[in-house]
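Now for the letters of each chain:
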Amino acid sequence: MASVAATMEAAPAAGAIATPAGRVASVDILRGIVMVVMALDHVRDYFTNVRFQPEDLTQTNPALFFTRWITHFCAPSFVFLAGTGAFLSLGRGRDVRALSRFLWTRGLWLVLLEFTAVRSAWLFSVSPAAGYFGQVIWVLGISMIVLAALVRLPLGWIAGFGITMIAGHNLLDGIRIPPTTPAGWLWSFLHVQNLLFNGPQPFFFVVYPVIPWVGVMAAGYAFGALLQRPEAERRRTLLRLGGAMTLAFIVLRLVNVYGDPSRWSVQRDVITTVMSFLNTSKYPPSLDYLLMTLGPAIMSLAAFERSTGPVARFFAVFGRVPLFYYLAHIVLAHLLAGLTALALGFGTAVLFGNVFFAPVQDWGFGLGVVYLVWFIVIGLLYLPCRWYADLKARRRDLVLLSYL
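Thresholds, definitions, all that
Residues numbered from 1 in each chain as written. Predicted model: local features only at pLDDT ≥ 70, side-chain atom pairs only at ≥ 80, totals over all residues. Heavy atoms only, no water. Phe/Tyr/Trp six-rings, centres within 6.5 Å; stacked < 30°, edge-to-face > 60°. Helix = DSSP H or I, 4+ residues; strand = E, 2+ residues; numbered from the N terminus. Buried < 20%, exposed > 50% of the residue type's maximum accessible area, 1.4 Å probe, protein only. 1 Å grid on protein atoms, 1.4 Å probe; cavity = no way out; pocket = protein on both sides within 12 Å on 5 of 7 lines; lining within 4 Å. Points joined across faces, edges and corners; volume = space filled by probe spheres on them. Nonpolar A, V, L, I, M, F, W, Y, C, P; charged D, E, K, R; others polar. Salt bridge = Lys/Arg side-chain N within 4 Å of Asp/Glu carboxyl O. pLDDT = per-residue confidence, 0-100. Contact = heavy atoms within 4.5 Å. Axes fitted to C-alpha atoms, helices over the stretch in contact; angles between N-to-C directions. Parallel < 35°, antiparallel > 145°, perpendicular 65-115°, else oblique. Left-handed = near helix turned anticlockwise from the far one by under 90°.

Moving on, we get to the packing of aromatic side chains. Evaluation of the coordinates by the stated rule reveals 31 aromatic pairs. Centroid distance Phe47 to Phe365: 6.3 Å. Interplanar angle 35°. Geometry classified as tilted. Here Phe365 lies in the loop between helix H14 (349-352) and helix H15 (367-394) and Phe47 lies in helix H1 (residues 25-47), a separation of 318 residues in the sequence. Ring centres of Phe189 and Phe204 lie 5.3 Å apart, and the angle between their planes is 50°; on these two criteria the pair is classed as tilted. Placement of the pair is Phe189 in helix H7 (residues 182-190) and Phe204 in strand E5 (residues 201-206), with a sequence separation of 15 residues. By relative accessible area, Phe189 is classed as partly exposed at 24%.

As a volume, the second largest pocket reaches approximately 360 Å³. Lining the second largest pocket we find 16 residues, and of these Phe80, Ile163, Ala219, Leu241 and Met245 sit closest to its centre. Of all the elements in the fold, those that place two or more residues in the lining of the second largest pocket are helix H6 (155-168), helix H8 (213-223), helix H9 (231-255) and helix H11 (287-304). In terms of residue count, the dominant contributor to the lining of the second largest pocket is H11 (five residues). Of the residues that constitute the lining of the second largest pocket, the class distribution is 16 nonpolar, no polar and no charged.

This part is about the pattern of salt bridges. Side-chain pairs of opposite charge can arise whenever the charged atoms involved come near each other. The final tally for this structure, using the stated rule, is nine salt bridges. Salt-bridge contacts for Asp41 lead to Arg68; the nearest nitrogen and oxygen are separated by 2.5 Å. With Asp41 in helix H1 and Arg68 in helix H2 (residues 62-69), this residue pair connects regions lying 27 residues apart in the sequence. Among the residues examined, Asp41 registers a relative accessible area of 2% and is labelled buried. Glu231 serves as the salt-bridge partner of Arg306, at 3.4 Å between the closest nitrogen and oxygen. You can see Arg306 sitting in the loop between H11 and helix H12 (310-319) and its partner Glu231 sitting in helix H9, a full 75 residues away along the chain. By relative accessible area, Glu231 is classed as partly exposed at 25%. Connected via shared salt-bridge partners are Asp41, Arg44, Asp45, Glu55 and Arg68.

In regions of low pLDDT, the predicted coordinates are not meant to be interpreted in detail. Put simply, the chain has an average pLDDT of 89, and 90% of its residues get 70 or more. In the predicted structure, residues 1-22 sits below a pLDDT of 50 and forms 106 contacts with residues beyond four places in sequence or in another chain.

Attention shifts here to the packing of helix H5 (residues 136-150) against H8. Two elements in contact, H5 and H8, have axes whose closest approach is 9 Å; the angle formed by their N-to-C orientations is 55°. Of the possible angle classes, the one that applies to H5 and H8 is oblique. As H5 packs across H8, the resulting crossing turns out to be right-handed. Contact residues: Val139, Leu140, Ile142, Ser143, Met144, Val146, Leu147 and Leu150 in H5; Trp213, Val214, Met217, Ala218 and Tyr221 in H8. Across the contact of H5 with H8, the residue classes break down as 12 nonpolar, one polar and no charged.

Here the amide bond leading from Ile211 into Pro212 is cis, since omega sits at 5°, within 30 degrees of zero. Residue Pro284 is bonded to the preceding Tyr283 through a cis peptide linkage, with omega at -5°. Along the chain, Pro284 falls in the loop between helix H10 (270-278) and H11. At Phe124, a position not held by glycine, the phi torsion is positive, near 55°. By the element assignment, Phe124 lies in the loop between helix H4 (96-123) and strand E3 (132-134). On the accessibility criterion, Phe124 (25% relative accessible area) is partly exposed.

Right under this line is the structure:
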C-alpha cells in the first residue's frame, strides 16, 4: 500500500526545467507518475475478487503479478524524493537549522495524520477496535524525524549512513524475536513486518518497518546535491548512477546469495521464472528491491528533465500535491467500492468494514474492472489536484496538507 500535497519546491539546478514556484519539473513528473501508479494498487485492494497475494507464484498469473509489481516503484521513489526535496529546500534560503526544525515537526505531523485522517480514509471508521496501521505516511514521518538530526552532519556522512543501511540491513534478516515481548515489539517497529496484538484483537499492524526506509530518505537527501550540477553533467551522472544500480540488482539477484531473504528459482515456464526473479521483498524493502526500483527511477529523471508536453504536465500536477492526492485517492477508491457494493446488494460491509482483514464473501471483480475504476479515480482527481496545486502556489501558508 504506498505514498500527498507536497511543497517539494526546490531552487532549480542550472538548465533544469522548472514549474512555477521554482520546483524541479523532473522530480514532480516522476513523483506524479509513481503516485498515479500507486492508485492502481489501492483500487485493486478495494475492488479485487482475488483472495491471495499477487506475488504468490503458486496461484497468481502474469497479469495480476505485474499489476502488483509495477506498483513496487512507488514507495521507494516517494521516500527517496522526500529526502531529495529536503536537500533542495535549502536552496530557497532555508538554513540547516531551520530545515532540521521543519523536518522533525513535519515528521510528527505525518505520524499523527497516519493514525487519524489516513486511517479514517482507509476504514471509514474511528473505532480503536479496528486497529492501527503504520504505512507509508507513518514511515515518511519517522524518517523525517531521523533526518532532522542527520542534516546537521556533513553530506558525505549522510550519504554513507543511507547507503550503509540500504546495503547492509539484510544482514539483520536472521534476527527473530517473539513479537509478544517488549523487545519483539521494538524489533517489529524497526525491521520486521508484524501484526501486533493487545489481547485477542489486532492493535497495530507494522506494514512499513522503519529500517531501511530512514536510509532511503537519507540517501535521497544526499542525492539532491547531484541535481544542482550543470545539466549535461547532471544527466550523465543520473544515467550512470541509475544504470549501475539496475545492473547491481541483476547481478546480485543472479548470484542469489545476498540482497533478499526470498531467493528466486527456476519455475515451470519462462514467464514464471522471470516473475520469481523479480519477486523481491518489500516488507521491509530488501537491497534487491531498492536497487530494482530506485535504479530505473533515477535514470528516468534524466529523461524527464526535457519533458515539457501535455503528458508531462499531467503527471506533474499530481506530483506537486502528493499528500492531498494521497488522502483524496484513498477516500475516493473506498467510497466508489462501498457505493458499488451497496448498489449490488452487498450491504455496508465494504463501506464500513475492514475488507483487508475480513473480506466480504463473493465481493470483487477481475482486473478489467480494477483498471477501469483506476482510470475513473485518476480522471476525477485531476481537476481537484490542479486546483490545489495552483492554490498552493499562491498561498504559501497552506501547510496542513503538505509534507515538505
